[in-house]
Amino acid sequence: MFSRVVKSFIAARHCSTVLAVVTSTALSTEARADCPFVRSFSGVPLSYTGYESSSWGVPEPSGDVTVRLRLRGDFDNPALEFVSVYLNGTLIGTASSGVSCVDSQADITISGSYFSLLVPEGYATIRIVASSDVGYDCQGSLGSAQANLSYTRKICNTQVLQSSSLPVSGSEFGVGLAMSDDAMLIGASVAAGSSAPAAGAVDAYRKTSTGAWQLNAHITAPDGQSGDKFGRAIATHRNLAVIGAPYRDTPAGADSGGAYAIERAIDGQWSEPMVIAPAALDADDLAGWAVAAFDDWIFIGIPRSNFGATDSGRLAVFHSDGLGGWIEVQSLQSPALAAGDRFGEAVTVDGGRLFVGAPRDDVGTVSNQGSVHEFVEVDGLWIHSAQITAPDGAANDLFGEAVSSDGNSLLISAQGRDISGVVNCGCAYTCTLASDGTWLFGSSPLVSANIEAEARFGWHLAVSGPRAVIGAWNADIGPEGSAIIDAGSAEVFIRRGNGSWNRQAVLTADIAGAFDTYGRAIALHGTSLAVSAPMSDIGGGASGMVFIYSLSADCNENGIDDALEISGDATRDCNNNGWLDSCEIIDEPALDLNNDGRLDMCHENVDLNHDGLIDGHDLSFLLAAWGTPIGDIDGDGLTNGDDLSLLLSNWH
């Protein structure tokens, strides 16, 4: 039987979003077989389009809406007891299912643009009946909308890792995280058994032929001192790794910071860490807060540097001398240097392009909006080429707190962003490299499935190929009133062929606890994903854990990663859930009752006036909604030519 998971079906007046909130399975130290398909709700929401429709029979209701929930069917889980209804994250009512889970119902009055149904797992049909408060009885004079069951493949963890030096209170295993082809490094603030346990340590893992990660080294700084935070930031590239120790004390002063370089030999063993100390440090500079590595280059962020202005920040650039040593060749700063910018708080490098975050940069008169600076390598020097700012930036967004790049994709966090009055919920911006070398922003930033105050969505993120993963380490897990505070989550997105990104899953820890901060650090390389929960209490208070996932999927067994197929052709995932429609139909034929090879729910999405036909009436509605989200078919939030093409291809 399927494991118990939570799923949601969101109904909106003019649009629908379908997602699966997925929790990992039980703790495991060995790679498991591919995860099963699990059921999730999707399909046609209640859709009030503001005109009289023969299928609904009456105009759009005004005022509050009364919703009747009715459960029918046989359940895999006989313990199902209720369906909870939430409005904007707030519990507003419960529909009891009864002992038999048959024909139970409840009437709930709601106000607002959307509501969501959260149900425990079980095979069920939910029929939603709506009527206005005045003039109609609650038996459903507006008709009903069927919520269909869809099957999606669950993203399960394959391993759960803890510190090799025994989990101890305060070790914060997973505070730093990095991954390359077959190597993964995990930082911890405290390592039991070392001469300076609070100096920090790094566990190095190597991927075996079975795909499991196996410990092959426990690395500490040769001159480590208590409180150094060795391992707080880590970056790898091929056989090179750089480890930040931002609270390292040096002759320059307390917490001036620094970093260490290690290299991996052919036999897989890592060298002893070599100190990489930027010049002209001062106390509290926090050198090594962020680090990056590429080929013969090492980059060390110094966000609290006062060189030029207080806390303006800088980036130290080192190059290999070819003899095993490293030489500082440049010190980079923002061309618009100003006090408090924190330039160097985030850094990533991909090929000949370097990106440095300055999250507290004042853009014009907007304080702490944040910016990202691009540098390109020219004859061995890194030259400033662009300053990137959000097109809709606001004060205290902290744009550039985290940055990740891969080829023509750039992902930038704004973890301080307020959305619709919700403070510090956060978001992430996607950019694509244009032919002229400029970066073009996506139509809208990526936001969490659960807009929540102080969730800090985007604190850490990563992009690799057609996948992106974004952490929200302060996110609460579960319904309001019984939520696990600051347990944390991470959300997986897939890039579609039209350039938009769609959520594939929301991940949470197997054993979630309050203040675990799952999603605090993320490493993504190809289809391998690691997500840390450094404040997890399993093994001791704040001992920390790291969850390992394999995102590889080839459900149609054609030798091509499913995400790449969707990225090449968005129509192969018409319900925007990150999984190939053809595989959903194979696993659940009821999703294609007319046997035309397409999900029935996608036909219904194209039927904009819900009269069972795709014809001129739908075309007229789509054209009238052009440029707005009201007639959106493909799920990118905008009614445009892509939606018109889908409508015409389904014309009948």
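Use the structure listed above.
Notes on the structure in this doc start here. All values reported here derive from a predicted model rather than from experimental measurement.

### A few points about the sheet that holds strand S38 (residues 545-550)
Point 1. Pairing is antiparallel in the open sheet, where four strands are placed in the order S11-S38-S37-S36. On the outer flanks of this sheet lie strand S11 (157-161) and strand S36 (522-525), each paired with one strand and no other. Mean inter-strand twist for the sheet, computed between neighbouring axes without regard to direction, equals 15 degrees.
Point 2. Here strand S37 (residues 528-533) runs beside S38; their pairing, made up of six bridges, is antiparallel. Bridge pairing in S38 links Ala533 to Met545.

### Focus on unusual backbone geometry
Point 1. Phi is positive for Lys229, which is not a glycine, with a value near 65 degrees.
Point 2. Classification of Lys229 as partly exposed rests on a relative accessible area of 27%.
Point 3. In this model, Asp255 sits at a positive phi of 60 degrees, which is unusual for a non-glycine residue.
Point 4. Tracing the backbone shows Asp255 in the loop between strand S17 (240-244) and strand S18 (259-263).

### Comments concerning helix H5 (residues 641-649)
Residue pairs three or four apart in sequence face the same way in an α-helix, which turns once every 3.6 residues.
Point 1. Taken together, the buried positions of H5 are Asp643, Leu646 and Leu647. Viewed along the axis of H5, the buried residues span an arc of 100 degrees, placing them on a single side of the element.
Point 2. Between a side-chain oxygen at the N-terminus of H5 and the backbone nitrogen of Asp642 the separation is 3.1 Å; the capping residue is Asn640.

### Overview of the pattern of salt bridges
Point 1. Summed over the entire model, instances satisfying the criterion amount to 14 salt bridges.
Point 2. As a salt-bridge pair, Arg467 and Asp561 come within 2.8 Å of each other at their nearest N and O atoms. With Arg467 in strand S33 (residues 467-472) and Asp561 in the loop between S38 and helix H1 (562-568), the pair connects residues that are 94 residues apart, well separated along the chain. We note that Arg467, like Asp561, is buried.
Point 3. Taken together, the shared-partner salt bridges in this structure form one network comprising Asp392, Asp397 and Arg417.

### Focus on the packing of aromatic side chains
Point 1. For the structure on display, the rule yields 12 aromatic pairs.
Point 2. Residues Phe230 and Tyr260 carry aromatic rings whose centres are separated by 5.3 Å and whose planes lie at 75 degrees to one another, so their mutual orientation is edge-to-face. With Phe230 in the loop between strand S15 (213-219) and strand S16 (233-237) and Tyr260 in strand S18, this pair connects stretches of sequence that are 30 residues apart. There is no split in this pair, since Phe230 and Tyr260 are both buried.
Point 3. Measuring from centroid to centroid gives 5.0 Å for Trp459 and Trp473, while their planes differ by 45 degrees, and the two rings are tilted. In this pair, Trp459 is assigned in strand S32 (residues 457-464) and Trp473 in the loop between S33 and strand S34 (489-495), connecting sequence segments 14 residues apart.
Point 4. The side chain of Arg232 reaches across the aromatic face of Trp289, ending 3.6 Å from its centre.
Point 5. Stacked on the ring of Phe307, the Lys or Arg Arg314 has its end atom at 6.0 Å from the ring centre.

### Considering helix H4 (residues 616-624)
Point 1. Along H4, the residues classified as buried are Asp618, Phe621 and Leu622. With its buried residues spanning 100 degrees around the axis, H4 presents them on a single face. Exposed side of H4, more than 90 degrees from the buried face: His617 and Ala624 are the residues found there.
Point 2. One side-chain oxygen of the residue at the start of H4 lies 3.1 Å from the amide nitrogen of His617, identifying that residue as Asp615.

### Observations regarding a nonpolar patch on the surface
Point 1. Together, Val378, Leu381 and Ile383 make up a nonpolar patch on the protein surface, roughly 230 Å² of accessible area in all.
Point 2. Take Leu381: it is sitting in strand S27 (residues 381-388).
Point 3. Judged by its relative accessible area of 41%, Leu381 falls in the partly exposed class.

### Looking at the environment of Ser536
Point 1. With respect to the helices and strands, Ser536 occurs in the loop between S37 and S38.
Point 2. Ser536 gets classed as buried once you look at its relative accessible area, which sits at 2%.
Point 3. Put simply, Ser536 and Val546 are 10 residues apart on the chain and 9.5 Å apart in space, counted from C-alpha to C-alpha.
Point 4. Setting aside residues up to four positions removed in sequence, Ser536 forms contacts with Asp516, Gly541, Ala542, Ser543, Gly544 and Met545.
Point 5. Among the polar contacts listed, one links the side chain of Ser536 to the backbone nitrogen of Ile538, at a separation of 3.4 Å.

### Describing the sheet that holds strand S31 (residues 439-441)
Where strands meet in a sheet, backbone hydrogen bonds hold them as pairs that are either parallel or antiparallel.
Point 1. Ordered in space as S28-S29-S30-S31, the four strands form an open sheet in which the pairing is antiparallel. A strand with exactly one partner marks an edge of an open sheet, and here the two such strands are strand S28 (399-406) and S31. The mean inter-strand angle of the sheet, taken between neighbouring strand axes irrespective of direction, is 30 degrees.
Point 2. Inspection of the sheet shows strand S30 (residues 427-433) paired to S31 by three bridges, in the antiparallel sense. Bridge assignment links Leu433 to a residue of S31, and that residue is Trp439.

### Looking at the nonpolar core
Point 1. One finds Ile155, Leu507, Tyr518, Leu529, Phe547 and Tyr549 to be the most contacted residues of the largest nonpolar core, which totals 21 residues.
Point 2. Elements with a minimum of two residues in this core: S34, strand S35 (501-508), S36, S37 and S38.

### Section: the side chain of Ser371
Point 1. Within the secondary structure, Ser371 sits in strand S26 (residues 371-378).
Point 2. Residue class for Ser371 comes out buried when judged on its relative accessible area of 0%.
Point 3. At 3.4 Å, the side chain of Ser371 and the side chain of Gln387 are in polar contact.

### Side note on the side chain of Asn424
Point 1. As for its placement among the helices and strands, Asn424 is situated in the loop between strand S29 (409-414) and S30.
Point 2. Here Asn424 is in contact with Gln415, Gly416, Arg417, Asp418, Glu452, Ala453, Glu454, Ala455 and Arg456, once residues within four sequence places are set aside.

### Side note on the pairing of S16
Point 1. Taking burial as the measure, the five residues of S16 include five buried ones, the bulk of the element.
Point 2. Here S16 shows no split at all, with Ala233, Ala235 and His237 on one side and Ile234 and Thr236 on the other all buried.
Point 3. As judged from the five bridges shared by S16 and S17, these two strands associate in the antiparallel manner. Among the inter-strand pairings, His237 is bridged to a residue of S17, identified as Leu240.
Point 4. Linking S16 back to S17 in an antiparallel pair, the connection comprises two residues, with Arg238 at a positive phi of about 55 degrees.

### Topic: the pairing of strand S13 (residues 183-188)
Regular strands place their side chains on alternate faces of the sheet.
Point 1. Of all six residues that make up S13, six are buried, and the element is covered over most of its length.
Point 2. Side chains of S13 alternate between two faces, with Ala183, Leu185 and Gly187 and Met184, Ile186 and Ala188 buried alike.
Point 3. Sheet topology places strand S12 (residues 176-179) next to S13; four bridges connect them, and they run antiparallel. Bridge pairing in S13 links Met179 to Met184.
Point 4. Between S12 and S13, which pair antiparallel one after the other, the connecting turn spans three residues.
Point 5. Pairing between S13 and strand S14 (residues 201-207): six bridges, direction antiparallel. Directly across from Ile186, in S14, lies its bridge partner Asp203.

Calculation rules
Residues numbered from 1 in each chain as written. Predicted model: local features only at pLDDT ≥ 70, side-chain atom pairs only at ≥ 80, totals over all residues. Heavy atoms only, no water. Pairing = 2+ DSSP bridges. Helix = DSSP H or I, 4+ residues; strand = E, 2+ residues; numbered from the N terminus. Axes fitted to C-alpha atoms, helices over the stretch in contact; angles between N-to-C directions. Buried < 20%, exposed > 50% of the residue type's maximum accessible area, 1.4 Å probe, protein only. Arc of directions from axis to C-beta. Polar contact = N/O pair within 3.5 Å; in protein donor to acceptor, adjacent residues only side chain to side chain. Salt bridge = Lys/Arg side-chain N within 4 Å of Asp/Glu carboxyl O. Phe/Tyr/Trp six-rings, centres within 6.5 Å; stacked < 30°, edge-to-face > 60°. Lys NZ or Arg CZ within 6 Å of the ring centre and 35° of its normal. Patch = residues over 30% accessible without salt bridge, like charges linked within 9 Å, V, L, I, M, F, W, Y side chains within 5 Å. Areas by Shrake-Rupley, 256 points an atom, 1.4 Å probe, with all protein chains shown as cover. Contact = heavy atoms within 4.5 Å. Core = buried A, V, L, I, M, F, W, Y, C linked by side-chain atoms within 4.5 Å.

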